[in-house]
Amino acid sequence: MKLSAFAPAKINLFLHVGPLAEDGYHPLCSLMTFADVGDTVSIAAADHPGFEIDGPFAAGLDPDADNLVTRAARALMGRIRGPQPPTRLVLTKMLPIAAGLGGGSSDAGAALRLVRGALQMSVSDEELLAIAAELGADGAACFTARPMIAEGRGEVLSPAPETPPLDAVLVNPGVPCPTGAVYRAYDAMGIGAADRPPLPDRFEDAQEAAGFFSYCRNDLEAPAASLVPEVGETLELLRGEPETLLARLSGSGATCFALCASHIEAEGLAQRVADLRPEWWVKRCRLGGPWPD
């Protein structure tokens with residue numbers, strides 16, 4: 001029997017980053033939300049345990065290399081006493097690599113939920129959350145896969161303002177934007193602070209949300225654009241279109257997003273961008289979550 005779990009793309013509606021701390025990490029404050037587009041992780045019984053990757057972006061990953069999906073599965077299956085049933089994990093990679101979408105962390109979160117269910121393990125959500133947090137700064141938030149305020153290194157989570165699903169367009173110009181290099185450029189620039197804005201309890205609609213977030217920042221946007229000029233080109237295009245309420249980089253990039261007033265505006269914007277730049281990855285989506293598998 002084959003079981004699957006959805007791993008949604010993570011979007012940072014804002015990302016405030018502080019200077020490098022003595023512990024070697026950057027403190028942050030971010031509102032993370034999740035899209036109804038993403039990867040899929042599947043598990044099935046097999047004669048021999050294994051891991052494989054397919055999908056349109058499979059070529060960017062090595063199934064024999066250390067991967068967050070296999071690390072998550074090993075961490076959880078290590079709790080099983082006695083022989084482990086052989087299983088094969090398959091990651092269907094639909095999201096671009098090194099794209100600021102939390103793909104690896106979201107894949108790991110899906111793998112944790114999937115392995116627990118497939119092997120009928122008596123492991124609580126709190127235990128899975130702790131494993132996810134050890135795998136990376138986005139791990140805890142991506143395991144919850146619902147809108148959250150993340151602070152500290154990303155592991156301190158609190159509820160986000162109540163927000164209706166937001167129609168959006170995701171655009172990646174087809175170039176990687178490695179997180180380490182972006183943070184080094186950020187350190188060299190000496191900008192930003194991990195300040196928490198005075199968040200309301202709720203947003204009534206996309207216009208209100210976009211208006212509020214326009215006063216927030218992604219402190220990694222300028223460093224990313226300095227390293228990858230295509231980031232600035234993407235943002236310039238999106239910000240010049242009439243449907244765009246707000247355009248910003250997600251995470252360390254190179255994926256940018258545009259918030260729109262409705263799915264009609266998002267559909268029109270996505271189609272125009274795809275026509276203008278057919279070599280780019282363009283997806284209309286809704287932001288919110290959690291989304292069903």
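Structural data are supplied above this passage.
The text that follows walks through the structure, step by step, so that each part is easy to find. Since the structure is predicted, the reported quantities are computational estimates derived from the model, not experimental observations.

Parameters and conventions
Residues numbered from 1 in each chain as written. Predicted model: local features only at pLDDT ≥ 70, side-chain atom pairs only at ≥ 80, totals over all residues. Heavy atoms only, no water. Helix = DSSP H or I, 4+ residues; strand = E, 2+ residues; numbered from the N terminus. Rg over C-alpha atoms; globule rule 2.2 N^0.38 Å. Buried < 20%, exposed > 50% of the residue type's maximum accessible area, 1.4 Å probe, protein only. Polar contact = N/O pair within 3.5 Å; in protein donor to acceptor, adjacent residues only side chain to side chain. Contact = heavy atoms within 4.5 Å. Core = buried A, V, L, I, M, F, W, Y, C linked by side-chain atoms within 4.5 Å. Salt bridge = Lys/Arg side-chain N within 4 Å of Asp/Glu carboxyl O. Expected span 1.5 Å × (residues − 1). Arc of directions from axis to C-beta. Pairing = 2+ DSSP bridges.

**Observations regarding the overall build of the protein**
Link 1 in the chain: Scanning the protein from N- to C-terminus turns up nine helices and 10 strands.
Link 2 in the chain: Taken over C-alpha atoms, the radius of gyration comes to 19 Å for the protein, in line with the 19 Å a tight globule of 293 residues would show.
Link 3 in the chain: The principal-axis extent of the C-alpha atoms belonging to the protein is close to 60 × 45 × 35 Å.
Link 4 in the chain: In the protein, which comprises 293 residues, the share counted as buried stands at 50%.

**A look at the side chain of Thr33**
Link 1 in the chain: Along the polypeptide, Thr33 turns up in strand β2 (residues 28–45).
Link 2 in the chain: According to the relative accessible area criterion, Thr33 is buried, its value standing at 4%.
Link 3 in the chain: There is a polar contact of 3.3 Å between the side chain of Thr33 and the backbone nitrogen of Gly288.
Link 4 in the chain: For Thr33, the contacting residues outside a window of four places in its chain are Ala9, Lys10, Ile11, Leu13, Pro147, Leu287 and Gly288.

**As for the nonpolar core**
Link 1 in the chain: The biggest cluster of nonpolar side chains holds 31 residues, and the ones touching the most others in it are Val169, Leu238 and Val273.
Link 2 in the chain: Counting residues per element, the ones that place at least two in this core are β1 (2–17), β2, β7 (166–172), α5 (179–189), α8 (229–239), β8 (246–249), β9 (256–260) and α9 (263–276).
Link 3 in the chain: When near neighbours in sequence (up to four residues on either side) are disregarded, Val273 contacts Val171, Leu237, Leu238, Trp280 and Val282.
Link 4 in the chain: One finds Leu101, Ala160, Leu199 and Cys216 within the second-largest nonpolar core, a separate group that totals 29 residues.

**Things to note about the pattern of salt bridges**
Any two side chains of opposite charge can pair, given that their charged atoms come close.
Link 1 in the chain: The tally for this structure, following the rule as stated, stands at 18 salt bridges.
Link 2 in the chain: In this structure, Asp107 and Lys93 form a salt bridge, with 3.2 Å as the shortest nitrogen-oxygen distance. Residue Asp107 is found in helix α2 (residues 103–118), and its partner Lys93 is found in the loop between β4 (87–92) and α2; the two are separated by 14 residues along the sequence. You'll find Asp107 and Lys93 in the same group, each marked buried.

**Digging into α9**
Link 1 in the chain: Taking 1.5 Å of rise per residue, 14 residues should cover 20 Å, and α9 covers 20 Å from first to last C-alpha, within 8% of that figure.
Link 2 in the chain: Looking only at α9, the buried set comprises Ala266, Leu269, Ala270 and Val273. Down the axis of α9, the sector holding all buried residues measures 100°, keeping them to one side. Structural note: α9 exposes Ile264 and Asp275 on the side pointing more than 90 degrees away from its buried face.
Link 3 in the chain: If you follow the buried residues of α9, they end up packed against β7, α8, β9 and β10 (281–288).

**Digging into α8**
For the α-helix, the turn length of 3.6 residues means that residues three or four positions removed from each other point alike.
Link 1 in the chain: Of all the residues in α8, the buried ones are Val231, Thr234, Leu235, Leu237 and Leu238. One side of α8 holds all its buried residues, which, seen down the axis, span an arc of 160°. Facing away from the buried side of α8, by more than 90 degrees, are the exposed residues Pro229 and Glu236.
Link 2 in the chain: For α8, the elements touching its buried residues are β7, α7 (221–227), β8, β9 and α9.

**A few points about the pairing of β4**
Link 1 in the chain: Sheet topology note: the β2/β4 ladder contains six bridges and is antiparallel. Each bridged residue has a counterpart across the sheet, and for Ile43 the counterpart in β4 is Leu89.
Link 2 in the chain: Two elements, strand β3 (residues 50–54) and β4, share five bridges in a ladder whose sense is parallel. When the sheet's bridge partners are listed, Ile53 is paired in β4 with Leu91.

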